[in-house]
Amino acid sequence: MAMASSTRSISYTYDVFLSFRGPDTRKSFTGHLYAALTRAGIRTFLDDKELETGKRISAELPTAIEHSSMSIVVLSKNYAHSRWCLDELLQIVECMDTRKQLVIPDFYDVEPWEVRHQGGSFAEAFARHSSCWDTQKLETWKSALTRVADLKGWDVAKIANGCEATVILQVVRRVYCVLKTKTCLTAPIKLVGMSSRIAEIKSRWDDRSTTGANFIGFYGMGGVGKTTTANAFYDLIRGDSFEGQYVLENIGERSRKGSSGLLELQERLLSSILDINNLRLDSLSMGTAWMSKKISTKKVLLIFDDIDKPDQVRALVGERSWFGPGSTVMITTRDKGLLQMIPVDVEYEIKLMEVSESEELFSRHAFEGDPAPEPHKKLLHDIVHYCGGLPLALQILGSHLFNKPLKEWKRTLDKVRLVPMFEIQDKLRISYDGLDVDEKTIFLDIACLFIGDVQDETITILNACNPNAAIGISSLIKKCLLTVKGMDVVCLDMHDLLRDMGRHIVREESQRIGERSRLWLEEETLDVLKYNKGTESVQCIIHASYHEERTFRTEAFEKMQYLRLLRLYNVNLKGSFQHIFTGLKSLCWQKCPLNCLPSTFEPQNLVVLDLRDSKELITVWEDILEQKNLHFYRIWDTCKE
């Protein structure tokens, strides 16, 4: 489900790159062509900035050319007068040679022979350039013009008596046919594991309504391939039967500006579907009114990519009646719950890759599709296991390790196990940053302390600190940050990379271990408790000693006045319990070596007490009934609430 091709690093962001001389055609032929291509759902790059004299060509243009499937060059009278256009053309010809990109020339108000042999206005342009540039530079420009002029294209003045609308329609149809052929021929090769997924989605889409709009929701964790899958299906079904086609990308990120961001997204969508340049809306309510009235009669194909908040659904997707009969509307999200607001006709979970698919995707990036050399196979399996079937991680790590020696592979794997790669974590953290305060707390608690634990028991423990723990866990599951496994006994689970992200967030709180909110590694908790390094920042501790009983002084907890969760296994505490653990909400002390809890131990806020496997325990304490907040306790494997 992730992009990978046999030619290294080719992935297309755009279908078409438009090269043109701004003053000649921006507000006429090129502007209308761009609108028609966009309306047909063809991703088109158009540089909307005029270059001032002396300014350097935009740095994004070469990248846009490289990441376009094809280029359309609108050759007009003054095209060759611009050195920026000529340099742009050199890049296009280079991509035609090295990346096998298609180039289509459109001759606008200029004869093909003028371009091919640099006559007429092109001769005048080169006469001017000759005073500034050496012969070699001039010849490279001329060669590029000649090569492009020899390609099959359109002489606008000689088609349908110069009717530009007819020419534009022919260009769009040719581009669409080329892209359709490319998609059908290459998608199964480029997109690992995609063919079966698209076939399944299409079989469900084939039962669509023709009298109403059809909604497909793609959900899954960050980096799993939701956008890639939606785009692949979009490419498969787009065509002339739709009156408008558009992909509204990165909605979550673009709407961070609040209502102004959502307003801009409404303007983009309406401008494309209604073919209105520079549409400006006064308010979100005006936008929703336009959406419901102006698009409701049109059969459209849309992708709303990366929706992560209810207000985005209300402002952009709205209601089923907003879209005309036979429309197909796709939504990608990390939050399954948002799909229920619409509701969608087809919910499709983008699952993690199988091991064989993971190895194939990683190898395409690390070895250009060749089989892994024998010395690398063991590390390849380890890296694939670390990535856990997440396409984003497989692509990034594979590209990072391309052409690197085996020693670098080992160093990289050891490093990412301790400090996750920024490119991966940055993508995953978007989901975390979108959580509310309670959800963030629960996520970090589970990532550090409760993975693999029984769901009901974890909810009981977390309820001691937050009565909405069950709701929070349910929300994390819907947002694909948490999963459950098991039938009879349901346990909490989390993707290893999400777990690592959560733990990295905690580590970033401070370089000093004792100043972090959660401590879970045995060697770190041992250091903090043995040498009294804990501070008021510590909220949760888990320390298990499986090989031998460990003893700590109670003074180690004196500074931890905000400690709320404490989980100990095979640990003895010596010293006075007075005035410590006063804020403790949950205590799990398995294999407690005491006969009873000391009388000075008065955890007034304790809600959960778990003393399982404590064979030496005779009684808890005499005044247990006076612990007014205690709602749950487990002693000698007996539970009471």
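A short tour of the structure in this document, coming up. (Residues numbered from 1 in each chain as written. Predicted model: local features only at pLDDT ≥ 70, side-chain atom pairs only at ≥ 80, totals over all residues. Heavy atoms only, no water.)

**Describing the overall build of the protein**
1) Next: Secondary structure summary: the protein contains 25 helices and 21 strands in total.
2) Next: Dimensions of the protein along its principal axes, counting C-alpha atoms only, are 105 × 60 × 45 Å.
3) Next: Every one of the 641 residues in the protein was classed for burial, and the buried ones make up 53%.
4) Next: Within the protein, counting contacts between residues at least 6 apart in sequence, those at least 24 apart form 66% of the total.
5) Next: Accessible surface for the protein amounts to roughly 29,900 Å². Of this, 50% is attributable to carbon and sulfur atoms.
6) Next: If you average the places of the 82 positive and of the 88 negative side-chain charges in the protein, the two averages end up 3 Å apart. (Helix = DSSP H or I, 4+ residues; strand = E, 2+ residues; numbered from the N terminus. Buried < 20%, exposed > 50% of the residue type's maximum accessible area, 1.4 Å probe, protein only. Contact = heavy atoms within 4.5 Å. Areas by Shrake-Rupley, 256 points an atom, 1.4 Å probe, with all protein chains shown as cover. Lys, Arg positive; Asp, Glu negative; His and termini not counted. Charge placed at Lys NZ, Arg CZ, Asp CG, Glu CD.)

**Digging into the nonpolar core**
1) Next: If you look at the biggest cluster of nonpolar residues, it comprises 113 residues, and the most contacted ones within it are Phe304, Phe323 and Ile331.
2) Next: No other element matches helix α21 (residues 437–450), which puts 8 residues into this core.
3) Next: When neighbours within four sequence positions are excluded, Phe304 is seen to be in contact with Leu248, Ile251, Leu269, Leu316, Val317, Phe323, Val329, Met330, Ile331 and Thr332.
4) Next: Within the second largest apolar cluster, 30 residues are counted, among which are Leu529, Ile580, Leu587 and Val620. (Core = buried A, V, L, I, M, F, W, Y, C linked by side-chain atoms within 4.5 Å.)

**Remarks on helix α9 (residues 194–205)**
1) Next: In a regular helix each residue adds 1.5 Å, so 12 residues correspond to 16 Å; α9 covers 16 Å between its end C-alpha atoms and thus fits that length.
2) Next: Turning to α9, its buried residues number three or more, namely Met194, Arg197, Ile198, Ile201 and Trp205. Looking straight down α9, one finds its buried side chains confined to an arc of 95°; they lie on one side.
3) Next: Those residues of α9 hidden inside the fold are in contact with β6 (214–219), α10 (226–237), β9 (328–333), β10 (346–349) and α16 (355–366). (Expected span 1.5 Å × (residues − 1). Arc of directions from axis to C-beta.)

**Observations regarding the packing of aromatic side chains**
1) Next: Enumeration according to the criterion identifies 16 aromatic pairs in this entry.
2) Next: For the pair Phe367 and Trp409, a centre-to-centre distance of 5.4 Å together with 25° between the ring planes defines the contact as stacked. Placement of the pair is Phe367 in the loop between α16 and α17 (377–387) and Trp409 in helix α19 (residues 406–418), with a sequence separation of 42 residues.
3) Next: In this structure Phe367 comes out as buried when scored by relative accessible area, which is 12%.
4) Next: Following the ring pairs from residue to residue traces out a cluster consisting of Phe557, Phe577, Phe581 and Phe601.
5) Next: Arg208 extends its terminal NZ or CZ atom over the ring of Trp205, reaching a point 3.6 Å from the ring centre.
6) Next: If you follow Lys299 out to its NZ or CZ, it ends over the ring of Phe242, 5.2 Å from the centre. (Phe/Tyr/Trp six-rings, centres within 6.5 Å; stacked < 30°, edge-to-face > 60°. Lys NZ or Arg CZ within 6 Å of the ring centre and 35° of its normal.)

**Quick notes on the sheet that holds strand β2 (residues 44–45)**
Strands pair in a sheet through their backbones, by hydrogen bonds, and they do so in one of two ways: parallel or antiparallel.
1) Next: Taken in spatial order, the 5 strands line up as β2-β1-β3-β4-β5 in an open sheet, and their pairing is parallel. Looking at which strands have only one partner, the edges of the open sheet turn out to be β2 and β5 (154–155).
2) Next: Pairing geometry for strand β3 (residues 68–75) and strand β4 (residues 102–107), over 6 bridges, is parallel. Paired with Val74 across the strands is Asp106, a residue of β4. (Pairing = 2+ DSSP bridges.)

**Observations regarding the pattern of salt bridges**
1) Next: Taken as a whole and assessed by the stated rule, the structure comprises 35 salt bridges.
2) Next: Among the ionic pairs, Glu264 bridges to Arg268, the shortest N-O distance being 3.5 Å. Placement of the pair is Glu264 and Arg268 together in helix α12 (residues 259–274), with a separation of 4 residues, close to one helical turn.
3) Next: We note a salt bridge from Arg411 to Glu408, for which the minimum N-O separation is 3.0 Å. (Salt bridge = Lys/Arg side-chain N within 4 Å of Asp/Glu carboxyl O.)

**Focus on unusual backbone geometry**
1) Next: In this model, Ile342 is joined to Pro343 through a cis peptide bond whose omega is -20°.
2) Next: Take Pro343: it is sitting in the loop between α15 (336–339) and β10.
3) Next: Even without being glycine, Asp109 reaches a positive phi, approximately 60°.
4) Next: By the secondary structure assignment, Asp109 is in the loop between β4 and α5 (112–116).

**Remarks on helix α2 (residues 29–39)**
1) Next: Judged by how many residues are buried, α2 sits mostly within the fold: 8 of 11 residues are covered.
2) Next: Residue Gly41 follows α2 closely and has a positive phi angle near 80°.

**Brief notes about the sheet that holds β9**
1) Next: The sheet built from 5 strands is open, its strands ordered β7-β8-β9-β6-β10 with parallel pairing. Each edge of the open sheet is held by one strand with a lone partner, namely β7 (244–248) and β10. Sheet twist, expressed as the average angle between the axes of neighbouring strands with direction ignored, equals 15°.
2) Next: The pairing of β7 with strand β8 (residues 300–307) spans 5 bridges and is classified as parallel. Paired with Tyr246 across the bridge in β8 is Leu302. (Axes fitted to C-alpha atoms, helices over the stretch in contact; angles between N-to-C directions.)

**Considering the packing of helix α18 (residues 391–401) against helix α20 (residues 422–433)**
1) Next: Contact geometry for α18 and α20: axes closest at 9 Å, N-to-C directions at 160°. In terms of their interaxial angle, α18 and α20 are classed as roughly antiparallel. For α18 against α20, the interelement crossing comes out right-handed. Listed contacts from α20 to Leu392, Ala393 and Ile396 of α18 are Glu423, Ile424 and Lys427.
2) Next: Residues of the contact of α18 with α20, tallied by class, amount to 4 nonpolar, no polar and 2 charged. (Parallel < 35°, antiparallel > 145°, perpendicular 65-115°, else oblique. Left-handed = near helix turned anticlockwise from the far one by under 90°. Nonpolar A, V, L, I, M, F, W, Y, C, P; charged D, E, K, R; others polar.)

**Things to note about the packing of α21 against helix α22 (residues 455–463)**
1) Next: As a packed pair, α21 and α22 sit with axes 12 Å apart at the nearest point and diverge in direction by 125°. Comparing the axis directions of α21 and α22 gives the class oblique. Both α21 and α22 take part in a crossing whose hand is right-handed. On α22, the residues that touch Ile442, Asp445, Ile446 and Phe450 of α21 are Thr458, Ile461 and Leu462.
2) Next: Its residues placed into classes, the contact of α21 with α22 shows 5 nonpolar, 1 polar and 1 charged.

**Here we look at the pairing of β8**
1) Next: Burial runs high along β8: 8 of the 8 residues are buried.
2) Next: In this structure, β8 lies alongside β9, joined through 5 bridges in parallel fashion. Opposite Leu301, over in β9, you have Thr328 as the bridge partner.
3) Next: In this fold, the crossover linking β8 to β9 by way of helix α14 (residues 310–317) has right-handed handedness. (Right-handed = clockwise from strand over helix to strand, strands pointing away.)

**Structural notes on the pairing of strand β19 (residues 608–611)**
1) Next: Every second residue of β19 is oriented toward a common face, with Val608 and Asp610 on one face and Leu609 and Leu611 on the other, all of them buried.
2) Next: Pairing geometry for strand β18 (residues 586–590) and β19, over 3 bridges, is parallel. Counted as the bridge partner of Ser586 is Val608 from β19.

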